[in-house]
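Analysis of the macromolecular model
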Amino acid sequence: MAIKLTPLHPTLGAELRGVDLTRPVAPDVFAEIEAAFNRYGILVFPGQPVSDEQQLTFSGLFGQLEVNPNYAGAKMRLRPDVADISNLDAEGRVLARDDTRNVFNLGNQLWHTDSSFKRVPAKCSLLSARELPSSGGETEFADLRAAWDALPELRKRDLDGLVVEHSIFRSRSQIGFADFNDEIYRQLPPVPQALVRHHPASGRTSLYLASHASHIVGWPVEKGRALIEELIAFATQPQFVYRHRWSVGDLVMWDNRCTMHRGRPYDDTQRRVLHRTTVSDHANTLEQEGLVATSFA
Ligand code: OGA
Ligand code: MN
């Protein structure tokens, strides 16, 4: 069956049909999927009722998979290489609104890109919708390539080469979450990332922003924070954003190197269950951009 691509937005995202992700994907078909991914930044695969194993197998074609630390400390519902994007406890019951895990997961409603707080961040994430609330709970995606392209040339010149400190503690402090265990502090120290990235496969330039972005290395903290907030506001204007309304069985993958995303609110007494697999990039962004993090050496 031939692959069929339908763009979803003027600059970002395409729906991809004509492939069965519950079965092994042939190399020539994978090459087409990868090319579409590099071009569109987001791929929506409707009607893919994958198991965790099948999702991991497909995700593994893109690179090495991330294994998640136990951020919130409670017993986990899923295996550590499948991120639990749900409002359920380990027994499959809906969590109380003020449960630590729910509060931690609220961080997903801030504009971010996955794992930018890790030295080597995520290349792409694949999210499979298993159960959905009756309304709300959409996911929005912002095109950081189109946002870069829209900046004035002088501004681009000033931004290129800046280094940003990212930390999970920065994003979670914005939603009032501080219940990390000591192990998480030890495992996830703040990391430097490039503010401007060059996407190897597409040749596109993009901003690299996230709620995890704290400040600009070498600048006063408040000045750097103001710049990051200004750029996030700029990059998430409606013309750069695609909103995905989920159906059960959708598998959506996004390029964390050149997009941001956020979950939208929903009635959290209803079940919302998505399973995410995450593929690591091959190197820290400073190495990729040829920048040296002197203050982190
Ligand atoms: C994620 C994420 C948002 C959502 O899975 O990485 O941020 O809508 N999800 O659940
Ligand atoms: Mn995310």
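Presented here is an overview of the structure given in this document. Computed from a predicted model, the values in this text were never measured in an experiment.

1. Things to note about the coordination of the manganese ion (ligand 2)
- Each protein donor to the manganese ion (ligand 2) is listed here as H112 (NE2), D114 (OD) and H261 (NE2); together their distances run 2.1 to 2.2 Å.
- Taken in chain order, the donor set of the manganese ion (ligand 2) reads H-x1-D-x146-H. Residue D114 is found in the loop between α3 (100–105) and β5 (122–131), and its partner H261 is found in strand β14 (residues 259–263); the two are separated by 147 residues along the sequence. Accessibility classification places D114 together with H261 in one group, the buried group.

2. Comments concerning the side chain of E138
- Here E138 lies in the loop between β5 and β6 (139–143).
- By relative accessible area, which is 14% here, E138 ends up buried.
- Setting aside residues up to four positions removed in sequence, E138 forms contacts with R243, H244, R245, W246, R262, G263, R264 and R272.

3. Re the nonpolar core
- Residues L159, L195, L207, L209, L231 and M260 are the most contacted members of the largest nonpolar core, which totals 24 residues.
- At the level of elements, α4 (144–149), β11 (213–216) and α8 (221–235) are the ones that each hand at least two residues to this core.
- With five residues, the single largest contributor to this core is α8.
- Other than its neighbours up to four places away in sequence, L195 contacts L159, L162, V164, S206, L207, Y208, L209 and L231.
- By size, the runner-up hydrophobic cluster in this structure holds 21 residues, among which are I3, L21, L126 and V279.

4. Observations concerning the site of ligand 1
- Near ligand 1 the following residues occur: I85, N108, H112, D114, L127, E138, T139, W254, H261, G263, R272 and R276.
- Within the side chain of T139, a nitrogen or oxygen atom sits 2.6 Å from an oxygen atom of ligand 1.
- Taking R272, its side chain carries an N or O atom lying 2.8 Å from an oxygen atom of ligand 1.
- Relative to its free-state accessible area of 290 Å², ligand 1 is covered by the protein chains to the extent of 98%.
- Taken atom by atom, the bulk of ligand 1 overlaps the largest pocket.

5. Side note on the layout of surface pockets
- What the largest pocket holds in volume is close to 410 Å³.
- Along the walls of the largest pocket sit 24 residues, with N105, N108, Q109, Y266 and R272 positioned nearest its centre.
- Considered class by class, the residues forming the lining of the largest pocket number seven nonpolar, 10 polar and seven charged.

6. What about α8?
- Relative to the 21 Å expected for 15 residues at 1.5 Å per residue, α8 spans 21 Å between its end C-alpha atoms, a close match to the ideal helical length.
- Burial in α8 covers these residues: G224, R225, L227, I228, L231, I232 and A235. Down the axis of α8, the buried set is contained in an arc of 160 degrees. They therefore lie on one face.

7. Focus: helix α1 (residues 27–40)
- For α1, spanning 14 residues, the distance from its first C-alpha to its last is 20 Å, which sits close to the expected 20 Å at 1.5 Å a residue.
- When we look at burial in α1, the residues that qualify are F30, I33, A36, F37, N38 and Y40.
- After α1 finishes, the residue G41 shows a positive phi value of roughly 80 degrees.

8. Some thoughts on the pattern of salt bridges
- On inspection of all chains with the given rule, the structure shows 26 salt bridges.
- Taking the shortest distance from any N to any O, the salt bridge between D89 and R93 comes out at 3.1 Å.
- A salt bridge links R155 to E230, with the nearest nitrogen and oxygen atoms 2.8 Å apart. Separated by 75 residues along the polypeptide, R155 in helix α5 (residues 153–159) and E230 in helix α8 bring together distant segments of the chain.
- A relative accessible area of 24% places R155 in the partly exposed class.
- Judged by relative accessible area, E230 falls into the partly exposed class, the value being 40%.
- Through salt bridges with shared partners, a single network forms among E138, E140, R243, R262 and R264.

9. Some thoughts on empty space enclosed by the protein
- By the definition in use, this model includes one cavity of 30 Å³ or more.
- For the largest cavity, the calculated volume is near 570 Å³.
- Taken together, 36 residues form the lining of the largest cavity, with Y71, A83, D84, F104 and N105 sitting closest to its centre.
- Those elements that provide at least two residues to the lining of the largest cavity are β4 (83–86), α3 and α6 (168–173).
- Counted by class, the lining of the largest cavity contains 16 nonpolar, nine polar and 11 charged residues.

10. Observations concerning the environment of P27
- Summarising the element assignment, P27 is placed in helix α1.
- For P27, a relative accessible area of 69% puts it in the exposed group.
- When the C-alpha atoms of P27 and G92 are compared, they prove to be 37 Å apart, with 65 residues separating the residues in sequence.

Cut-offs used in this document
Residues numbered from 1 in each chain as written. Chains lettered and ligands numbered in written order. Predicted model: local features only at pLDDT ≥ 70, side-chain atom pairs only at ≥ 80, totals over all residues. Heavy atoms only, no water. Donors = N, O, S within 2.8 Å, 3.2 Å for Na, K, Ca; no water. Helix = DSSP H or I, 4+ residues; strand = E, 2+ residues; numbered from the N terminus. Buried < 20%, exposed > 50% of the residue type's maximum accessible area, 1.4 Å probe, protein only. Contact = heavy atoms within 4.5 Å. Core = buried A, V, L, I, M, F, W, Y, C linked by side-chain atoms within 4.5 Å. Near = heavy atom within 4 Å. Polar contact = N/O pair within 3.5 Å; in protein donor to acceptor, adjacent residues only side chain to side chain. Areas by Shrake-Rupley, 256 points an atom, 1.4 Å probe, with all protein chains shown as cover. 1 Å grid on protein atoms, 1.4 Å probe; cavity = no way out; pocket = protein on both sides within 12 Å on 5 of 7 lines; lining within 4 Å. Sits in = over half its atoms within 2 Å of the grid points. Points joined across faces, edges and corners; volume = space filled by probe spheres on them. Nonpolar A, V, L, I, M, F, W, Y, C, P; charged D, E, K, R; others polar. Expected span 1.5 Å × (residues − 1). Arc of directions from axis to C-beta. Salt bridge = Lys/Arg side-chain N within 4 Å of Asp/Glu carboxyl O.

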